[in-house]
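# Descriptive analysis of the structure
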Amino acid sequence: MDRAFQRTQILTNHLLRSSPPPSPLSSNACLSYSPPELSENHAFDVKEMRKLIDGHDVEERDWLFGLMRQSKLFNPRVRGGKVFVSPDYNHSMEQQREMTWKRIEYFLERGVFKGWLTEEGEEIEMRKFAGFEVSSVYDHSLFTKLGVHFFLWGGAIKFLGTKHHHEKWLRDSENYLIKGCFAMTELGHGSNVRGVETITTYDSNTGEFVINTPCESAQKYWIGGAANHATHTVLFSQLYVNGSNQGVHAFIVQIRDADGNICPNIRIADCGHKIGLNGVDNGRIWFDNVRVPRENLLNSVADVSPDGKYLSSIENPDQRFAAFMAPLTVGRVNIACTSVYQSKVALAIAIRYALTRRAFSLKPNEPEVLLLDYPSHQGRLIPLVAKTYAMSFAANYLKMLYVKRTPDSNKTIHIVSSSFKATFTWNNMQILQECREACGGQGLKTENRVGHLKGEYDVQSTFEGDNNILMQQVSKALFSEYMAAQKRNKAFKGLGLEHMNKPCPVIPSQLTSSTLRCSQFQMDALCLRERDLLNRLVADVSKCKSEGESTQQAFLMCYQLAEDLSRAFSDRAMFQTFIEAEANLPAGSLKDVLGTLRSLYALICLEDVSYVRYGYLSVENGASVRQEITEICSELRPHALALITSFGIPDAFLSPIAFNWIEANSWSSV
Amino acid sequence: MASSVSSQHDEVLVEEKSFARILTLNRPKQLNALSSQMISRLLELFLANEDDPNVKLVILKGKGRAFCAGGDVAAVVHDIRAGGWRAGANFFMKEFTLNYLMATYSKLQVSILNGIVMGGGNGASMHGRFRVATENSLFAMPETALGLFPDVGASYFLSRLPGFFGEYLCLTGARLDGAEMLACGLATHFVQSAKLPALEAALCAADSSDTVIISSIIGQYSEQPSLKEQSVYNRLDVIDRCFSQKTVEDILSALENEAVNRRDGWISTTIQTLKKASPTSLKISLRSIRAGRLQGVGPCLIREYRMVCHVMRGEFSKDFFEGCRAILLDKDKNPKWEPSKLELITDTTVDIYFSKVKNEDWEDLKLPARSKFNLPPYVIAKL
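Residue positions are given per chain, counted from 1 along the sequence in the order it is written. Ligands are numbered from 1 and chains lettered from A, in the order in which they are written. Local features are withheld for residues below a pLDDT of 70 in this predicted model, meaning they are given only at 70 or higher, and side-chain atom pairs are given and counted only at 80 or more; totals for whole chains, interfaces and linings count all residues. Working from all heavy atoms in the structure, the side-chain values ignore hydrogens and water.

### A few points about the overall build of chain B
Note the threshold: Comment: elements are numbered from the N terminus, with helices defined as DSSP H or I runs of at least four residues and strands as E runs of at least two. We take the radius of gyration over the C-alpha atoms and set the globule estimate at 2.2 Å times the residue count to the 0.38 power. Working rule for contacts: check all heavy atoms of both residues, and any pair within 4.5 Å makes them a contact. Only the protein chains shown count as covering a residue, and every accessible area follows the Shrake-Rupley method with a 1.4 Å probe. In this tally Asp and Glu are treated as negative and Lys and Arg as positive; neither His nor the chain ends contributes. By convention, the charge on Lys lies at NZ, on Arg at CZ, on Asp at CG and on Glu at CD.
When its secondary structure is counted, chain B shows 17 helices and 11 strands. Radius of gyration (C-alpha) of chain B: 20 Å, near the 21 Å computed for a compact globule of 383 residues. C-alpha extents for chain B along the principal axes are approximately 60 × 55 × 40 Å. Long-range pairs, those at least 24 residues apart, make up 72% of the contacts in chain B between residues at least 6 apart in sequence. Summed over its atoms, the accessible surface of chain B is roughly 15,000 Å², and 52% of this surface lies on carbon and sulfur atoms. Computed over 45 positive and 43 negative side-chain charges, the inter-centroid distance for chain B is 0 Å.

Written out as structure tokens, the structure reads:
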């Protein structure tokens, strides 16, 4: 009762304080926009928080944001007295593509890409990631066109090519004298790259490879850059040498001349208008006896001698194939990290709107209540803020894992990047939808961004590895870790599975608030689920096999457990990065608020249906978790503005409803 | 109707005319450089006028040939010598508070910039709603030549000029005339000085606080001056190409590349100016304007206050004192900067200027509360 009274007092004070002073000029019935900057306090240093969650290259990011904000090419518009930059999505598909290209040229002239393909080392790789994250905040088409050119085309040459390829192609690519694309996917084969039907045969008489599209399902599909701009592509194709198939290999093929004319024996068609990403010219390619010199085989994994001998340093065809997939790993890291920035944009907009928009009075003649003062609205948005913080720390971990890679860490990178790419991009779509709804009708206006981003970013759950397939890879990897440990009777090591070696944690029968906020309990609860699901998966697969099914078939039948397990892995792995980020901070306001966010993140993981499905939490404990979430949301409510300001998205990259939406919609602005 | 409420010796003269208040900076011999007393007085007057329902408009102008040549930096240096860096910090704390008050003022401020307007003079005018330039206007933010950096909220108002013109003004301290000020948006109007008395009378008679009405009154006296042929504003393309580069070093080499392609006195002058400025000042100024472009005016002033405290403390570089010696005191115009070269100043060093001052009882700038006022939309947009 006291608590309820206290809440009402707080609410009343808040309403009284922020109601506009009576003025003879404005009628009392009018709403006025009350800027949250003047009423909300920052209890911690938002600059420090931004540094922590951006993780690296803050100056570089601000420079890039500034480059975009100051140029007419980025379509600045004034709304409510503020400048906003965002592409004109009312442009035709062709116009959007041309604008994307002009923006790339603008970056090129300013030296943004300096070293992106010609320098090596952690520093440049991190700077590149920052560049991609910032471009993605402006527009997904800009991000994607850059990603195809630098990570897929450039990455393929770097990883799959050898010295002479590097010398011949990298500098020209960095300077965009060559515009690259990446022809892997076909109409008939997407995730199953090993099944591509394009055929390349070696002609030892001329020392050339001859490329053919043997049937319609073999046409290259969704090739970003192919429809309008790309001059070259990395082509993935079956390689036949002396009549025998050596599996999928990668070749450099020129598809347009310097003037943009399509090369002989190549046919290109457009993929057409899409639900988003129309600034990227996705195309389809057919090859009709296209001949390329022998040197165009990217030969770091395998080579063909002039007289037609197939030579490979990797004997095992599975491993050889895996090596060809290397460029996709960095793409996945990049996609995972940038999806987090879309969640930041959407939450910054939705929270700012909720701090200025009111709806319904509690009593007649009282001012209406601010959206974010409704516990239900807090319950919708604030857990998503916590999730976004968790994703930020996990993304920083993933980037570091990638740039510090060694041959030994390849498996970990593959599993963690698969898991995080799928989880973050799914989370992002959920966050975008919730934020769109939280902004009501305003969320539907393209200029307000949140709704539009759904169409733009939906593709992230499909490209660079379908999310469901990636998650299957995670559960399969965990399964084999288990089998390997069992077979050799050795302890688990790697992928964060060391907790499997310890005694199984026990969840207390009654969960108090202080237990629920204890990081050890939270970690125990997340480990318990992962451990149990892995045990169950192993048991179910063995059971199916004992009934005569093949391992593959057994896995297919146990897909539900496998899905639950891969989610459990992601949640636990993300949580671990949160704990580490928190542990590295000195005591103080930053650490305090992060501790609260970490608890909120852990508790929303515990709300996952698997906790009840498999009985890790009793019905009573489930109710305690729920209650604690509500409690934490109201504790974080006063920090809401500071928490989203720390995302570091400049005002110009948010949208009119995030600021003075009354002025932005006034008659004088029509 | 008019009643004088101040004596001739006051450093700020006050005239009450109907619903308008005319404040005149009155230190003509010092080109109206802002003393600590003037800043306190202005703060007092702006606060009182905001609370006074009879005031709808505040006009700010300067006596003599300057609007205001800046903060009285020589006095600041003197105070620091006598009382330590905190004395300097206190001056800037008060000045930046005034800048914030002006930037978030709920009433209209019209500044008549009929003469020199530099440094702190820009801080006292650019944040207000209307800035009237004349044929006598002479603008500059010359701090990098003085071992300081463009402060008084310049990282807010310079960074919002078209393209990368702000970086150009900020780093080179280049001077603009009235026509150029209008073209780039530093001034909202251009009025021939001969028409100023009539404009003032019309504003005092207006009895309005409506932005549109006041703007159209000033508009009746304004004109569109043409830019002189050699105006730097006609070189925006070169400025954008060069001053958008990532670092000061990159900006210099971009300018040098331009110079290779064509013989152009302006480019070599610009290069020379940059090479004469304090390297530390250049680096922190560039970082500041780039950060300011993405922040509201309040956070800009808070950041600048941190920076200015580090400059006053002189922990890393004492260029500010050297600059004041060479330009203001000894006037030998030959400062010896330390560190002397751009490459000697690392990013980590620049970082220091943006961090909190590690000193007991030091605090970030506390902005005055503005929530009790009904702020106009153009103010809300700056927050």
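### Regarding the overall build of chain A
Keep this limit in mind: Burial classes follow relative accessibility: with a 1.4 Å probe on protein chains only, a residue under 20% of its type's maximum area counts as buried, one over 50% as exposed, and anything between as partly exposed.
If you tally the helices and strands in chain A, you get 23 helices and 15 strands. By the compact-globule yardstick of 26 Å for 670 residues, chain A fits well, its C-alpha radius of gyration being 27 Å. Referenced to the eigenvectors of the C-alpha coordinate spread, the extents of chain A come out at roughly 90 × 65 × 40 Å. Evaluated residue by residue, chain A yields a buried proportion of 57% over its 670 residues. The long-range fraction of contacts in chain A, counting pairs at least 24 apart against all pairs at least 6 apart in sequence, stands at 75%. A total of about 27,600 Å² of accessible surface is found on chain A, and carbon and sulfur atoms cover 52% of it. Taking the average place of the 71 positive charges on the side chains of chain A and the average place of its 73 negative ones, the gap between the two points comes to 1 Å.

### Looking at the pattern of salt bridges
Note the threshold: Salt bridges are defined as contacts in which a side-chain nitrogen from Lys or Arg sits within 4 Å of a carboxyl oxygen from Asp or Glu.
The tally for this structure, following the rule as stated, stands at 69 salt bridges over all chains. With a closest N to O distance of 2.8 Å, B:Glu249 and B:Lys283 form a salt bridge. Within this pair, whereas B:Glu249 is found in helix H11 (residues 248–261), its partner B:Lys283 is found in helix H13 (residues 279–292), the two being separated by 34 residues in sequence. Owing to a relative accessible area of 12%, B:Lys283 belongs among the buried residues under this scheme. B:Arg262 serves as the salt-bridge partner of B:Glu258, at 3.4 Å between the closest nitrogen and oxygen. The network of salt bridges with shared partners includes A:Arg50, A:Asp54, A:Arg61, A:Asp62, A:Glu133 and A:Lys399.

### A word on the environment of A:Val290
Residues and elements named next belong to chain A. Its location among the elements puts Val290 in strand E11 (residues 290–293). Among the residues examined, Val290 registers a relative accessible area of 7% and is labelled buried. When the C-alpha positions of Val290 and Phe143 are compared, they lie 31 Å apart, and in sequence the two are 147 residues distant. Apart from the residues lying within four places of it in its own chain, the contact partners of Val290 are Phe209, Val210, Ile211, Val253, Asn265 and Ile266.

### Topic: the domain arrangement of chain A
Residues and elements named next belong to chain A. How we decide: Per the annotation, domain bounds derive from an automatic or database assignment of domains. By buried area we mean how much accessible surface two parts lose on assembly, using a 1.4 Å probe and totalling the loss over both. Pairing of N or O atoms within 3.5 Å defines a polar contact, subject to two protein rules: one partner must be a possible hydrogen donor and the other a possible acceptor, and residues neighboring in sequence count only if both atoms are side-chain atoms. Each residue gets one label: Ala, Val, Leu, Ile, Met, Phe, Trp, Tyr, Cys and Pro are nonpolar, Asp, Glu, Lys and Arg are charged, and the others, such as Gly, are polar.
Splitting chain A by domain gives domain 1 (180–318) and domain 2 (328–358 + 366–488 + 511–653). Taken over C-alpha atoms, the centre of domain 1 sits 37 Å from the centre of domain 2. Of the residues lining the interface, six residues belong to domain 1; the matching set on domain 2 comes to eight residues. Overall, the association of domain 1 and domain 2 removes approximately 490 Å² of surface from exposure, summing both partners, and the carbon and sulfur fraction of that is 68%. Taken as a group, Ser191, Ile275 and Leu277 account for 71% of the area that domain 1 buries against domain 2, more than any other trio of residues on that side. At the boundary of domain 1 with domain 2, the tally comes to zero salt bridges. Where domain 1 touches domain 2, the interface holds one residue pair in polar contact (both at pLDDT 80 or more). Of the residues that constitute the side of domain 1 that touches domain 2, the class distribution is four nonpolar, two polar and no charged.

### Topic: the interface of chain B and chain A
Taken together, the contact between chain B and chain A spans 30 residues of the former and 28 residues of the latter. For the pairing of chain B and chain A, the buried interface totals around 2,500 Å² over both sides, and the portion due to carbon and sulfur atoms is 55%. When the area that chain B buries against chain A is broken down by residue, the three leading residues are B:Lys246, B:Leu294 and B:Leu383, summing to 25%. The partner of A:Glu60 in a salt bridge is B:Lys246, and the shortest N-O contact between them spans 2.7 Å. Inspection of the chain B/chain A interface yields 11 residue pairs in polar contact (both at pLDDT 80 or more). The set of elements that each furnish at least two residues to the side of chain B that touches chain A consists of helix H10 (236–243), H13 and helix H17 (377–380) of chain B. Grouping the amino acids of the side of chain B that touches chain A by side-chain chemistry returns 10 nonpolar, seven polar and 13 charged.

### Side note on the packing of aromatic side chains
Put simply, the rule is: In this analysis, rings of Phe, Tyr and Trp, with Trp reduced to its six-membered ring, are considered paired at centre separations within 6.5 Å, and the interplanar angle assigns stacked below 30 degrees, edge-to-face beyond 60, and tilted for intermediate values. Charge-over-ring contacts are defined here by two conditions on Lys NZ or Arg CZ: a distance within 6 Å of the ring centre and an angle within 35 degrees of the ring normal.
Going through the model one piece at a time under the given rule, you end up with 41 aromatic pairs over all chains. Taking the centre distance of 5.3 Å and the plane angle of 85° together, the rings of B:Phe91 and B:Phe92 count as edge-to-face. Between B:Tyr168 and B:Phe243, the aromatic rings sit 5.5 Å apart at their centres with planes inclined by 80°, giving edge-to-face as the arrangement. Of this pair, B:Tyr168 sits in helix H6 (residues 165–172) while B:Phe243 sits in helix H10, and the two are 75 residues apart along the sequence. Side by side, B:Tyr168 and B:Phe243 carry an identical accessibility label, which is buried. Cation over ring: A:Lys476 sits above A:Phe555, and NZ or CZ is 5.8 Å from the ring centre. Between B:Lys56 and the ring centre of B:Phe19, over which it is positioned, the NZ or CZ distance is 4.4 Å.

### Focus on the UniProt feature "domain: Enoyl-CoA hydratase/isomerase" (unreviewed entry) in chain B
Note the cut-off: UniProt positions are given in the numbering used here, feature names are shortened, and annotations may be inferred rather than shown by experiment.
On the UniProt side, "domain: Enoyl-CoA hydratase/isomerase" (unreviewed entry) is annotated at positions that read residues 21–354 of chain B here. From the first C-alpha to the last, residues 21–354 of chain B spans 38 Å; its make-up is 51% helix and 10% strand.

### Some thoughts on the pairing of strand E6 (residues 108–113) of chain B
Across a regular strand the side chains alternate sides, sitting on one face of the sheet and then on the other. Residue and element names in this part refer to chain B. Under the convention used in this document: Pairs of strands are assigned from DSSP output, requiring at least two bridges between the strands.
For E6, the buried fraction is high: six of the six residues fall into the buried class. Across the two faces of E6 the burial is the same, with Leu108, Val110 and Ile112 and Gln109, Ser111 and Leu113 all buried. The pairing of strand E4 (residues 57–62) with E6 spans four bridges and is classified as parallel. Across the sheet, the residue bridging to Ile59 is Val110, located in E6. Two elements, E6 and strand E8 (residues 130–133), share four bridges in a ladder whose sense is parallel. The residue bridging Val110 from the neighbouring strand is Phe130, located in E8.

### Quick word on the UniProt feature "active site" (unreviewed entry) in chain A
Residues and elements named next belong to chain A. In the numbering adopted here, UniProt assigns the feature "active site" (unreviewed entry) to Glu464. As for its position among the elements, Glu464 is in the loop between helix H13 (450–457) and helix H14 (467–487). Glu464 gets classed as buried once you look at its relative accessible area, which sits at 15%. In this view, Glu464 contacts Leu152, Leu328, Gly331, Arg332, Ile335, Lys421 and Leu470; residues no more than four positions away in its chain are not counted.

### Regarding the sheet that holds strand E5 (residues 66–68) of chain B
Residues and elements named next belong to chain B. Reading across from one edge, E5-E7-E9-E10 is the order of the four strands in this open sheet, with mixed pairing throughout. The open sheet has two free edges, formed respectively by E5 and strand E10 (176–177), since each of these has just one partner strand. Inspection of the sheet shows strand E7 (residues 116–118) paired to strand E9 (residues 138–140) by three bridges, in the parallel sense. Counted as the bridge partner of Ile116 is Leu138 from E9.

### Quick word on the side chain of A:Lys158
Structurally, the position occupied by A:Lys158 is in helix H7 (residues 140–160). A polar atom in the side chain of A:Lys158 sits 3.5 Å from the backbone oxygen of A:Leu117.

### Considering the sheet that holds strand E6 (residues 220–224) of chain A
Residue and element names in this part refer to chain A. We apply this condition: Structural elements are reduced to axes, namely lines fitted to C-alpha atoms, with helices fitted over the stretch in contact, and the angle between N-to-C directions of any two is expressed from 0 to 180 degrees.
With antiparallel pairing, the three strands of this open sheet are ordered in space as E6-E10-E9. Whereas interior strands pair on both sides, the edge strands pair on one side only; in this sheet they are E6 and strand E9 (266–270). Between one strand axis and the next, the sheet turns by 35° as a mean value, whatever way the strands run. By the bridge criterion, five bridges tie E9 to strand E10 (residues 282–287) in an arrangement that is antiparallel. Following the sheet pairing, Arg267 is matched in E10 by Trp286.

### Thoughts on helix H9 (residues 317–324) of chain A
Residue and element names in this part refer to chain A. Put simply, the test is: It is the directions from the helix axis to the C-beta atoms that the arc portrays.
Restricting attention to buried positions, one finds in H9 the residues Arg320, Phe321 and Phe324. Looking down the long axis of H9, one finds its buried residues gathered within 100° of arc, a one-sided arrangement. On its buried face, H9 sits against H7, strand E7 (232–241), strand E8 (244–254), strand E13 (310–312) and helix H10 (326–354). Where H9 begins, the capping side chain belongs to Asn316, and its oxygen is found 2.7 Å from the backbone nitrogen of Asp318.

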